[in-house]
Amino acid sequence: AQECARLGMTTVHDAGCSRTEIEMYKKLIAANRLPVRVYAMIGGEGELWDEYLKRGPEIGDRLTVRSIKLVADGAMGSRGALFWQPYSDDKSTSGLLMMPQEDITRIAKEALAKGFQVNSHAIGDKANSLVLESYQQAFRAAGVPGKNDKRFRIEHAQVLRLPDFQVYADNSVIASIQSTHATSDMRWAAQRLGPDRMLGAWAPNRFLKAGARITNGSDFPVEDPNPLWGFYAAITRQDHEGNPPGGFMPDQILSRQRALESWTMDGAYAAFEEGKKGSITVGKLADFLVLERDIMSVPPKEILTTKIRMTVLGGQVVHP
């Protein structure tokens, strides 16, 4: 939490919490030792989820628990992400389904009935399709229209069949992406996926063109937590040495303004908090950071070494 404050983060979405972790957050808050706000997702089914279903979401100042994290497939690096077709560099596998689709649908129905958000890890194109279908089934069963304010999310949303970008938009599903994944995976991506699947891979602008919402993050501790590294990746699609020239899949580069929004207003929206966070606006929480440089105008390489002069949470300086 202190490292997050040092890096300029004021709210962290913790994607999968146990009872122990939630209790520790509460102890730190009681001792006034938590320098960030936490939007916590319950880590799957179990006793903790059953308890929250009975009592409903917990919405607080420093800690909010109003969502559940599910895992539909594995990671692409280990060929665990689930695809409709086998991997191009290993025809013996198309990945792993980590959770039966009927369980995702059932939990989505439970969450809708009790006012909880569902956030599902899905990386491969088949995993994304199955989760989207589960969400649609739950919405239909609950009489919820496709365009809705339930803000169900898919975490990573890395590779999609092209028609599924519109399915995201038509069902108001948020694509919770991590721009650094594109620059981490770009060296082996085409070999693993082949040219056809690359068209729907790491494609934030395809979501936006379809009318879907995105939000951006780091996926730490898998990636480095520094949001400025993610901002740099989003606006360059390059590694820290500036490769490849022009950027990886440069048509998916985000403008600086759009990238900034994806870490601020979009992040707040993805947690139902845009009314009190995400912009420096009269009436909202005084959560902000002060940078030593203007990342909206400096050369991209300078963003990587920009220091955080100050992080402020609720009007109180939490770093340095």
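Section: the packing of aromatic side chains
Part 1: The full count for this structure, using the stated rule, is 7 aromatic pairs.
Part 2: Consider the rings of Phe 165 and Phe 207, whose centres lie 4.8 Å apart with planes at 65 degrees: the pair is edge-to-face. One end of the pair, Phe 165, is in helix α6 (residues 162–170); the other, Phe 207, is in helix α10 (residues 204–210), and 42 residues separate them in sequence. For the residue pair Phe 165 and Phe 207, the accessibility class agrees, reading buried in each case.
Part 3: Among the aromatic residues, ring-to-ring pairing joins Tyr 135, Phe 139 and Phe 152 into one connected group.

What about the pairing of strand β1 (residues 11–17)?
Part 1: Two elements, β1 and strand β2 (residues 37–42), share 6 bridges in a ladder whose sense is parallel. Residue pairing for β2: Thr 11 is matched across the bridge by Arg 37.

Thoughts on empty space enclosed by the protein
Part 1: Scanning all chains against the criterion turns up 1 cavity of 30 Å³ or more.
Part 2: Considered as a void within the structure, the largest cavity measures approximately 90 Å³ in volume.
Part 3: Forming the boundary of the largest cavity are His 156, Ala 157, Gln 158, Ile 177, Gln 178, Ser 179, Ala 182, Trp 202, Ala 203, Pro 204 and Arg 237.
Part 4: For the lining of the largest cavity, the class distribution of residues is 6 nonpolar, 4 polar and 1 charged.

Here's the deal with α6
Note: α-helices contain 3.6 residues per turn, so residues at a spacing of three or four share the same orientation.
Part 1: Those residues of α6 that fall on the buried side of the exposure criterion are Asp 164, Phe 165, Tyr 168 and Ala 169. Take α6 and look down its axis: the buried residues cluster within an arc of 155 degrees, on one side only.
Part 2: Where α6 is buried, its residues meet α5 (125–141), β6 (153–156), β7 (174–177) and α10.

Points about helix α3 (residues 47–55)
Part 1: Residues Leu 48, Trp 49, Tyr 52 and Leu 53 constitute the buried set of α3. Seen end-on, α3 carries its buried residues on one side only, within an arc spanning 135 degrees. Away from the buried face of α3 by more than 90 degrees, exposed residues Glu 47 and Lys 54 are located.
Part 2: Residues of α3 that are buried make contact with β1, α2 (19–30), β2, β3 (58–59), β4 (63–71) and α4 (101–114).

Some points on unusual backbone geometry
Part 1: A cis amide bond links Phe 220 with the next residue in sequence, Pro 221, at an omega value of 10 degrees.
Part 2: Here Pro 221 is to be found in the loop between β8 (214–216) and α11 (227–236).
Part 3: Residue Pro 244 is reached from Asn 243 by a cis peptide bond, and omega for that bond is -5 degrees.
Part 4: Relative to the elements of secondary structure, Pro 244 occurs in the loop between α11 and α12 (256–263).
Part 5: Of note in the backbone geometry, Arg 79 takes a positive phi value of approximately 60 degrees without being a glycine.
Part 6: Note on placement: Arg 79 falls in the loop between β4 and α4.
Part 7: The phi torsion at Asp 219 lies on the positive side, around 65 degrees, for a residue other than glycine.
Part 8: Here Asp 219 is to be found in the loop between β8 and α11.

Considerations on the sheet that holds strand β9 (residues 288–291)
Part 1: Strand order in this open sheet of 3 strands is β9-β10-β11, and the pairing throughout is antiparallel. Looking at strand neighbours, the two that pair on one side only are β9 and β11 (316–319), the edges of this open sheet. Neighbour-to-neighbour, the strand axes of the sheet open up by a mean angle of 30 degrees, direction not taken into account.
Part 2: Relative to β11, strand β10 (residues 308–313) is paired through 3 bridges, and the arrangement is antiparallel. In the sheet register, Thr 311 faces β11, and the bridge partner there is His 319.

Examining the layout of surface pockets
Part 1: As a volume, the second largest pocket reaches approximately 210 Å³.
Part 2: Lining the second largest pocket are 14 residues, with Arg 6, Leu 7, Asn 226, Thr 306 and Lys 307 positioned closest to its centre.
Part 3: Of all the secondary-structure elements, those providing two or more residues to the lining of the second largest pocket are α1 (2–6) and α11.
Part 4: Of the residues belonging to the lining of the second largest pocket, the class tally is 6 nonpolar, 4 polar and 4 charged.

Quick notes on the rules
Residues numbered from 1 in each chain as written. Predicted model: local features only at pLDDT ≥ 70, side-chain atom pairs only at ≥ 80, totals over all residues. Heavy atoms only, no water. Phe/Tyr/Trp six-rings, centres within 6.5 Å; stacked < 30°, edge-to-face > 60°. Helix = DSSP H or I, 4+ residues; strand = E, 2+ residues; numbered from the N terminus. Buried < 20%, exposed > 50% of the residue type's maximum accessible area, 1.4 Å probe, protein only. Pairing = 2+ DSSP bridges. 1 Å grid on protein atoms, 1.4 Å probe; cavity = no way out; pocket = protein on both sides within 12 Å on 5 of 7 lines; lining within 4 Å. Points joined across faces, edges and corners; volume = space filled by probe spheres on them. Nonpolar A, V, L, I, M, F, W, Y, C, P; charged D, E, K, R; others polar. Arc of directions from axis to C-beta. Contact = heavy atoms within 4.5 Å. Axes fitted to C-alpha atoms, helices over the stretch in contact; angles between N-to-C directions.

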